[in-house]
Amino acid sequence: MSQIDNVLHEDRRFAPPEEFRERAVLGDEETYRRMYRESIESPETFWDGVARELPWSEPYSRVLDWSQAPRARWFVDGRINASAVCLDRHLPERAEKPAIVWEGEPGDTRTLTYAELQREVCRAANGLKSRGISRGDRVAIYMPMIPELAVALLACARIGAVHSVIFGGFSAQALRDRIEDGSCCAVITADGGWRRGSVLPLKREVDAGIEGLDFVHTVVVVRRGENEVAWTEGRDCWYHELLAGVANECEPEAMDSEDPLFLLYTSGSTGKPKGIVHTTGGYLVGTSLTTKYVFDLREDDVYWCTADIGWITGHSYIVYGPLANGATVVMYEGAPTTPHAGRFWELVEKHRVTIFYTAPTAIRTFMRLGAEHPERFDLSSLRLLGTVGESINPEAWMWYRDTIGGGRCPIVDTWWQTETGAIMLTPLPGVTETKPGSATWPFFGVDPVIVDEQGNELGANEGGLLALRKPWPSMLRGIWGDEERFRETYWSQLPGLYFAGDGARRDEEGYFWILGRVDDVINISGHRLSTMEVESALVSHPAVCEAAVVGRPDEVTGQSICAFVTVAADVEADAAFGAALREHVASEIGKLARPAELRFTDALPKTRSGKIMRRLLRDIAAGIESVGDMSTIEDYSVLAKLRDYDD
Ligand code: WT7
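As the structure is a prediction and not an experimental result, all values here were calculated from the model. (Residues numbered from 1 in each chain as written. Predicted model: local features only at pLDDT ≥ 70, side-chain atom pairs only at ≥ 80, totals over all residues. Heavy atoms only, no water.)

**Some details on the overall build of the protein chain**
- For the protein chain, the count of helices and strands is 21 helices and 30 strands.
- In terms of C-alpha radius of gyration, the protein chain reaches 24 Å, essentially the compact-globule figure of 26 Å for 647 residues.
- Counting only C-alpha atoms and orienting by the principal axes, one finds that the protein chain spans roughly 75 × 65 × 55 Å.
- The burial tally for the protein chain puts 61% of its 647 residues in the buried class.
- Taking all contacts inside the protein chain whose residues are at least 6 apart in sequence as the whole, residues at least 24 apart take part in 71%.
- Of the roughly 24,600 Å² that the protein chain leaves accessible, carbon and sulfur atoms contribute 47%. (Helix = DSSP H or I, 4+ residues; strand = E, 2+ residues; numbered from the N terminus. Rg over C-alpha atoms; globule rule 2.2 N^0.38 Å. Buried < 20%, exposed > 50% of the residue type's maximum accessible area, 1.4 Å probe, protein only. Contact = heavy atoms within 4.5 Å. Areas by Shrake-Rupley, 256 points an atom, 1.4 Å probe, with all protein chains shown as cover.)

Given below as structure tokens:
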């Protein structure tokens, strides 16, 4: 475990402000400790108490069946519909309450009350049904951040179709891989969406991505960008035309608790992206409970999570968690700094946002832009701040607290993953004394442990692997179509434990400090990419012979991609070629995968057995001089050349 350094010495701590604690959903540590103890000692009693609050159309007969581990069944035999949980159940009390307050990048706005959102979801559900889409079908969603995106998820949920949202920044090829893997019969998209002042042509990517895929019989297109689109008669239909004649009511399908609700693809350390499967009952229980306690949700809150719904954060903490709690959710289409550097803060002021949840990379970007931008706006409505996606450096944490939170807002640093479905390690804002940079304590029902590679538990402040001992309701149920990979990836490395892929340490007071990934996954702006995926995109270029990709530290995005590339003898690796190669990766995967740096080399350093020496490359990319044990390097001259290489 020597590669896990723990260099952080942080001893500042911040107790919840008294006025916050007094009004908090959970405001005393004793109650937290008692609830936590119960959730660990008698999980079934604890989760039964929580799940009872949801509107089951058929009660469950058992809380948990873990006899086929790692295949979990939660709330066995229960029947429930996610869109009914998020919408119908609020209609008696909250019909006129805003559910979604939306702002487009150009500044246009729309507000949908719970009644309006419910009606729109029913209509969209009827529209999908009229195209023959039904329970169990997979539907790909590739959209900008407009209200119809949330509607699309909930409409699928209403009829029992499994949604597979693909982030709008992915390219046609990435879209195709995911649509094929899930054999999606339909795609919901838009003509285009606004991003940094121009319209991204989404429909064009869909057309390219599904060319020749005969199983895709329907493409529903929302009009947003007003850009020109090509049209395939019979397959394509406008959203507004599809909904023109449909009924306003649609009975929610009574889904089995363990029916899949959605697939969401994420990168692993090897091979193609994994379609993470989440099911219905447990996911709703996990996301709704965490939203209530972690965000201390009150009836009059205006809650804004700045993530894109294309990622798990948006699924769990824009759509399902907050709506299940009847919250008012702010949704924003555009880039954080368009048309000006204070755009986010302008929106906080305009919509009187009270709870704000974003990523460390965004905070560091704002730090660089300067405090004068947030200072132009009235941020006094804020009462709670959150972060997710990667560890936040204490400096950014302090800036967030002081400059955005005015020194009065607690910060919840939430650690979780696509696979966990819901927040796992987090402060509770009315209870936990926070330490900058620490995700602090486990949430209810979460039983984390730090172990070495053999699974032995480590002591305080020893860096090791972060694993989970107990099943939890919102846990992934599998990888779509690949049971073997599911078992292999998450449950075999440390027998009997769920292994998350992260290194961590726990300090002497029981606080968790995440130390980053221990596998070949890089975290760029809080988004996971596998080095393998980028490598295979690089070598798919005809001029490239071999490529090795590593992450290197980046002040703003956390990590960025550095690619070591060898090219064919007759190719000149000049600046123009480098630019073309970076574009090639962008078109294979998406812009987020475009390498920040390319280093052309005659050969890659390998061990005698032919393995690329990634740790060495990581050190070179990071500019670290000492490269450790040199005895296994095959070709010293290559090493020397790599180190001296200068852009
Ligand atoms: C990986 C999961 C969960 C939504 C966003 C990313 C890293 C996430 C934290 C945090 C330190 C964090 C981990 C994790 N991560 N939150 N608060 N502190 N690291 O979801 O794409 O599934 O990535 O993000 O490395 O394994 P994801």
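**Some points on the domain arrangement of the protein chain**
- When cut into domains, the protein chain gives domain 1 (105–253) and domain 2 (521–643).
- For domain 1 and domain 2, the distance between their C-alpha centroids amounts to 36 Å.
- Between domain 1 and domain 2, the contact holds six residues from the first and eight residues from the second.
- Between domain 1 and domain 2, a total of about 460 Å² is buried, with carbon and sulfur atoms accounting for 52% of that surface.
- By the criterion of area lost to domain 2, the three top residues of domain 1 are Phe-170, Ser-171 and Gln-173, representing 58% of everything that side buries.
- Where domain 1 meets domain 2, there are zero salt bridges.
- Taken together, the links from domain 1 to domain 2 amount to three residue pairs in polar contact (both at pLDDT 80 or more). (Domains from an automatic or database assignment. Buried area = accessible area lost by both parts, 1.4 Å probe. Salt bridge = Lys/Arg side-chain N within 4 Å of Asp/Glu carboxyl O. Polar contact = N/O pair within 3.5 Å; in protein donor to acceptor, adjacent residues only side chain to side chain.)

**Comments concerning the site of the ligand**
- In the region of the ligand, 18 residues are neighbours, and Asp-413, Thr-414, Gln-417, Thr-418 and Asp-502 sit closest.
- In this structure, a nitrogen atom belonging to the ligand sits 3.1 Å away from a main-chain N or O atom of Gly-389.
- Computed on the free molecule, the ligand has an accessible area of 550 Å², of which 95% lies beneath the protein chains in the complex.
- When its residues are assigned to classes, the shell around the ligand shows five nonpolar, eight polar and five charged. (Near = heavy atom within 4 Å. Nonpolar A, V, L, I, M, F, W, Y, C, P; charged D, E, K, R; others polar.)

**Quick notes on the environment of Glu-22**
- Mapped onto the secondary structure, Glu-22 falls in helix 1 (residues 18–23).
- Residues Glu-22 and Gly-430, 408 residues apart in the sequence, show an inter-C-alpha distance of 7.9 Å.

**Some remarks on the nonpolar core**
- If you look at the biggest cluster of nonpolar residues, it comprises 165 residues, and the most contacted ones within it are Leu-117, Ile-141, Ile-179, Phe-295, Tyr-320, Phe-444 and Leu-538.
- Here this core gets 10 residues from one element, more than from any other, and that element is helix 7 (residues 147–159).
- Residues from two domains meet in this core; each of domain 1 (105–253) and domain 2 (521–643) gives at least three.
- Dropping the residues within four chain positions of it, Leu-117 is found in contact with Leu-87, Ala-99, Ile-100, Leu-112, Val-151, Leu-154 and Leu-323.
- Of all hydrophobic cores here, the second largest spans 28 residues; its members include Phe-366, Ile-392, Tyr-400 and Cys-409. (Core = buried A, V, L, I, M, F, W, Y, C linked by side-chain atoms within 4.5 Å.)

**What about the pattern of salt bridges?**
- One pass over the structure, following the stated rule, counts 45 salt bridges.
- Here Arg-224 makes a salt bridge to Asp-108, at a shortest N to O gap of 2.7 Å. With Arg-224 in the loop between strand 11 (218–222) and strand 12 (236–238) and Asp-108 in the loop between strand 4 (98–103) and strand 5 (109–113), the pair connects residues that are 116 residues apart, well separated along the chain.
- By relative accessible area, Arg-224 is classed as buried at 13%.
- Two residues, Glu-597 and Arg-552, come together in a salt bridge whose shortest N-O distance is 2.3 Å. Of this pair, Glu-597 sits in strand 30 (residues 597–600) while Arg-552 is found in strand 28 (residues 544–554), placing the two residues 45 residues apart along the sequence. For the pair Glu-597 and Arg-552, a shared accessibility class is recorded, and that class is buried.
- Within this structure, Arg-13, Glu-433, Lys-435, Asp-507 and Glu-509 form a network of salt bridges that share partners.

**A look at the environment of Asp-236**
- The residue Asp-236 is located in strand 12 in this model.
- Sequence-distant contacts of Asp-236, defined by excluding residues within four places in its chain, comprise Lys-203, Asp-207, Val-219, Ala-230 and Trp-231.
- For Asp-236, the side chain forms a polar contact with the side chain of Lys-203, separated by 2.8 Å.
- Looking at Asp-236, its side chain comes within polar contact range of the main-chain nitrogen of Thr-232, at 2.8 Å.

**What to know about the pairing of strand 21 (residues 448–451)**
- Taking every second residue as pointing to the same face, both faces of strand 21 are buried, with Pro-448 and Ile-450 on one and Val-449 and Val-451 on the other.
- Summarising the sheet, strand 21 and strand 22 (residues 464–468) pair through four bridges and their orientation is antiparallel. Its bridge partner lying in strand 22, Val-451 is registered against Leu-465. (Pairing = 2+ DSSP bridges.)

**Regarding the pairing of strand 27 (residues 527–530)**
- Direction of pairing for strand 26 (residues 521–524) relative to strand 27: antiparallel, over a ladder of four bridges. Opposite Val-521, over in strand 27, you have Ser-530 as the bridge partner.
- Between the antiparallel neighbours strand 26 and strand 27 lie two residues, among them Ser-525 with a positive phi of about 50 degrees.

**Here's the deal with the packing of aromatic side chains**
- Within this structure, the stated rule accounts for 41 aromatic pairs.
- Residues Trp-304 and Tyr-332 carry aromatic rings whose centres are separated by 6.4 Å and whose planes lie at 90 degrees to one another, so their mutual orientation is edge-to-face. Highlighted residues: Trp-304 in strand 16 (residues 302–305) and Tyr-332 in strand 17 (residues 328–332), separated in sequence by 28 residues.
- Its guanidinium or amino end placed over the ring of Trp-441, Arg-33 lies 4.9 Å from that ring's centre, counting from NZ or CZ.
- For the cation-ring pair, Arg-178 lies above Phe-170, with the distance from its terminal atom to the ring centre recorded as 4.4 Å. (Phe/Tyr/Trp six-rings, centres within 6.5 Å; stacked < 30°, edge-to-face > 60°. Lys NZ or Arg CZ within 6 Å of the ring centre and 35° of its normal.)

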